[in-house]
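# Overview (structure and organization)
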Amino acid sequence: MRLLEPSGQGGPARRAALARLTDDWLAGLFNRATGGTGAGSGLALVAVGGYGRGELSPRSDLDLLLLHDGKAGARTVAALADQLWYPVWDLNLALDHSVRTPSEVRKAARDDLKVQLGLLDARHLAGDPELTGALRGTALADWREQAPKRLPELREICRERAARQGELQYLLEPDLKEARGGLRDATALRAVAASWLADAPREGLEAARTRLLDVRDALHLTTGRATDRLALQEQDQVAEALGVLDADVLLRQVYESARTISYASDVTWREVGRVLRSRSVRPVLRGLLRGRMAGGGTGRGERSPLAEGVVELDGEAVLARTARPERDPVLPLRAAAAAAQAGLPLSLHAVRRLRTAAVARPLPVPWPAEAREQLVTLLGAGAQTVPVWEALEAEGIVSRLLPDWERVRCRPQRNAVHRWTVDRHLIETAVRAAALTRRVHRPDLLLVAALLHDIGKGWPGDHSVSGETIARDMAARIGFDARDVAVIATLVRHHLLLVETATRRDLDDPATVEAVADTVGTIGTLELLHALTEADALATGPAAWSAWRGSLVTDLVKRVTARLAGETAPEGHTADEPTAEQERLAVEAWRAQAPVLTLHTRAEGRSETEPASEGGGGGGSATAYGSAGTGTGAGAGPNVVPEPEPVGVELLMAVPDQPGVLPAAAGVLAMHRLTVRAADLRSVDPLGEGPVLLLSWRVAAEFGSLPQTVRLRADLVRALDGSLDVPARLAEREQAYARRSRGVQAPPPRVTVAPGSSQLATVIEVRAQDAQGLLHRIGRALEAARVTVRSAHVSTLGANAVDAFYVTDEKGEPLSDASATEVAQAVERALK
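Attention in this report is confined to the structure presented alongside it.

Parameters and conventions
- Residues numbered from 1 in each chain as written.
- Predicted model: local features only at pLDDT ≥ 70, side-chain atom pairs only at ≥ 80, totals over all residues.
- Heavy atoms only, no water.
- Helix = DSSP H or I, 4+ residues; strand = E, 2+ residues; numbered from the N terminus.
- Buried < 20%, exposed > 50% of the residue type's maximum accessible area, 1.4 Å probe, protein only.
- Contact = heavy atoms within 4.5 Å.
- Areas by Shrake-Rupley, 256 points an atom, 1.4 Å probe, with all protein chains shown as cover.
- Pairing = 2+ DSSP bridges.
- Axes fitted to C-alpha atoms, helices over the stretch in contact; angles between N-to-C directions.
- Phe/Tyr/Trp six-rings, centres within 6.5 Å; stacked < 30°, edge-to-face > 60°.
- Lys NZ or Arg CZ within 6 Å of the ring centre and 35° of its normal.

Assigned secondary structure in the protein chain consists of 30 helices and 16 strands. Relative to its 832 residues, the protein chain shows a buried fraction of 52%. Within the protein chain, contacts between residues at least 6 apart in sequence are counted, and of these 69% link residues at least 24 apart. As displayed, the protein chain offers around 37,300 Å² of accessible surface, 50% of which is attributable to carbon and sulfur atoms.

Right, dumping it as structure tokens:
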């Protein structure tokens, strides 16, 4: 059938045509089975739900009701049902069916909200039209009568579904029907409108629902399945079927539609709440309450001033009667800031008046000081900023105030680490930065830099480089002077500098600190960059920040601050000054000429130490290792909500220096199904008699069960003496995993030489998909290249590993450029 071909007729026309064809077929079945009975027969075939609306997607199920008045007899009705349902099943069509009398339908609707909602779209197909008409009238009357009790139930169902399925506008593989902002929510809005209690904002709503239906149709046709989940591997095909440029454009259109439905839902449910609260208070009591609350401004109808031209009315921020938005171009920002600071939503009417005014009289460029201050106030309101900003975005006010915002609006981020679209991530970063404003001297620069730090993601190339240029223009537009514009541009250009340097470079190397100091320039800029780094990471997702990353960044900031102040570097543990525990283990390992391991387990904010029980003492104190995983890094602001550290272990190894330590240790961890989150390698000489390698690991058990330290040490000894074939064991596991995996297509690994990163060694950077045994393969490749690993800094961010290795030649000198390139190429070949 042409209607079921991707290249055929699409959109609402196809759905309507499919519905008509199905109507004719089902009516034919009914008429043949009944002899063509019509009015007065007491039998009717009724479509309900989506099919009742005349919207039939290619793989949608059929929602049918066989309605009878009870006079035909049970056997007759059952036989008729069989003659209707079996042909449907024979065609492998999904069918949701029921056989009921009108009274049974009403009882089922009272007992099951889903049934009642489906009846709101009841449509006659065949048989007695009067029976169907009476059912429709009764269903609508019952719904309107019961709506005050049933709408709260419907709202709770929507909330539970959103909590379970997530928000469609931020998901990389969204469920078009069930996720918040999807087709289920659009249907719920239709039900609210049918109740006559409230109505949704209609502007753009039908277009958004139609777009989601079109995408679902294309998904059904390209997959051949009745699925509502837009999986990654199918997005390119769906985009092509819809004539869309690519999967990113498709997702952006889906997100925009979901955002429209979500915003309409928020506004509608607020109105439902107000109506129901009003109806719950008797008129006399309502009058008494008005008098009692006259001084507090919380009674219905009372107006409390929030800012010039802005008042609170019935739980919303609205424009004052005296407000003249057409003469006050700052009013949109003032109203938004006042609403956010008060923790109130902006009323729909107010936002639309502000939009009209913003079109008629836009802000002058550069903005006046008051407009800039109101923007900073809005951004500094914390979590309350988000719903107010979304209201401004829904009406196009943000893009009118900041035209460059349009490029990042609803832009997807195809990175498992990111939980938000680009625009929402920018707002979330400002929310996080608002909690850190007490740590900086210029909170305004921090908040605006947070808003703009990823603004370059809407342009080709490195988003930090392009973002610097855009941020300069936007900051000047907002009204900052040249000096402040330069600071904001620097923060945007280098917003990744601290975390990348702290996790991938040797902080004991003077060149590392000097490079950061030269880039940042001033202590004030460093202070802002430190706060922005933390806010950005916290707003990205749980995998982007931890107490460990925070401590590394803080250590780097202390060193750079000292460098900028012309002071001696702050005291800390360097390669020649190990911690007390590291020194003790290194001494034991040297004396025993054998590996020593200590394992610290973390769980629910506690940590325990498990000592190695054989070989070189293995020590490890029985005292607690410290409070684990409840902070967000040193210097966190007082309003920062701590994010829990993931359950895992810290493993410290001390091994007398010998070839192959790094690949052997990494291979043993992979064999024991320990996933490496971070690692650090350094060489110490505790007794002045020879080097000992210290390897610090942060790992997580793949299946939640930690291996025994004794077994780890035994396998490490065997791996070092060659009696344990680690590569062969890992190869077997990789083959087994490959059979179970879905074959995720990851970008190829990239290995580069970081120029000028160190004066003492050559830095080899590895970026690759995280996998079991990855570090083992890297270590073997470096060993095969006959270089010495002076230190290593390994970090895992989501599914990506970003590792840096400081290597020297056999004489302890940095590699020549040619040699360094050869080593990098050799490692890359080994990983491919």
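So, about the environment of Arg-353. Position of Arg-353 relative to the elements: it lies in helix α13 (residues 348–360). Look at Arg-353 and you get partly exposed, because its relative accessible area is 29%. As for Arg-353 and Glu-326, which are separated by 27 residues in sequence, their C-alpha atoms are 9.0 Å apart. Dropping the residues within four chain positions of it, Arg-353 is found in contact with Leu-319, Ala-323 and Pro-325.

So, about unusual backbone geometry. Cis geometry marks the peptide bond from Val-365 to Pro-366, where omega comes out at 0°. Phi angles above zero are rare outside glycine, and Cys-410 is one such case at about 60°. With respect to the secondary-structure elements, Cys-410 resides in the loop between α16 (397–401) and α17 (422–434). Classification of Cys-410 by relative accessible area gives buried; the value is 0%.

Below, the discussion takes up the sheet that holds strand β1 (residues 43–47). Spatial ordering of the open sheet is given by β3-β2-β1-β4, a layout of four strands whose pairing is mixed. This sheet does not close on itself; its edge strands, each paired only once, are β3 (95–100) and β4 (123–127). Across this sheet, the average inter-strand angle for adjacent strands is 20°, counted without regard to direction. For β1 and strand β2 (residues 62–68), the ladder comprises five bridges, and the chain directions are antiparallel. From the neighbouring strand, Leu-43 faces β2, where its bridge partner is His-68.

All right, on to the packing of aromatic side chains then. Counted under the stated rule, the structure contains three aromatic pairs. For the pair Tyr-86 and Trp-89, a centre-to-centre distance of 5.2 Å together with 90° between the ring planes defines the contact as edge-to-face. One end of the pair is Tyr-86 and the other is Trp-89, both in helix α3 (residues 74–90) and three residues apart, which spans about a single turn. Taking relative accessible area as the criterion, Tyr-86 reaches 45% and is therefore assigned partly exposed. A ring pair is formed by Tyr-170 and Trp-420, whose centres lie 4.9 Å apart and whose planes are at 85°; its orientation type is edge-to-face. In this pair, Tyr-170 is assigned in the loop between α6 (129–165) and α7 (183–195) and Trp-420 in the loop between α16 and α17, connecting sequence segments 250 residues apart. Relative accessible area serves as the criterion here: at 9%, Tyr-170 is assigned to the buried category. Seen from the ring of Tyr-51, Arg-123 lies directly overhead, with NZ or CZ sitting 5.3 Å from the centre. Lying across the ring of Trp-420, Arg-424 places its NZ or CZ 4.2 Å from the centre.

Now for the environment of Val-802. Residue placement: Val-802 occurs in strand β16 (residues 800–808). Classification of Val-802 as buried rests on a relative accessible area of 11%. Put simply, Val-802 and Arg-767 are 35 residues apart on the chain and 4.7 Å apart in space, counted from C-alpha to C-alpha. The residues contacting Val-802, other than those within four sequence positions of it, are Arg-504, Val-766, Arg-767, His-793, Val-794 and Ser-795.

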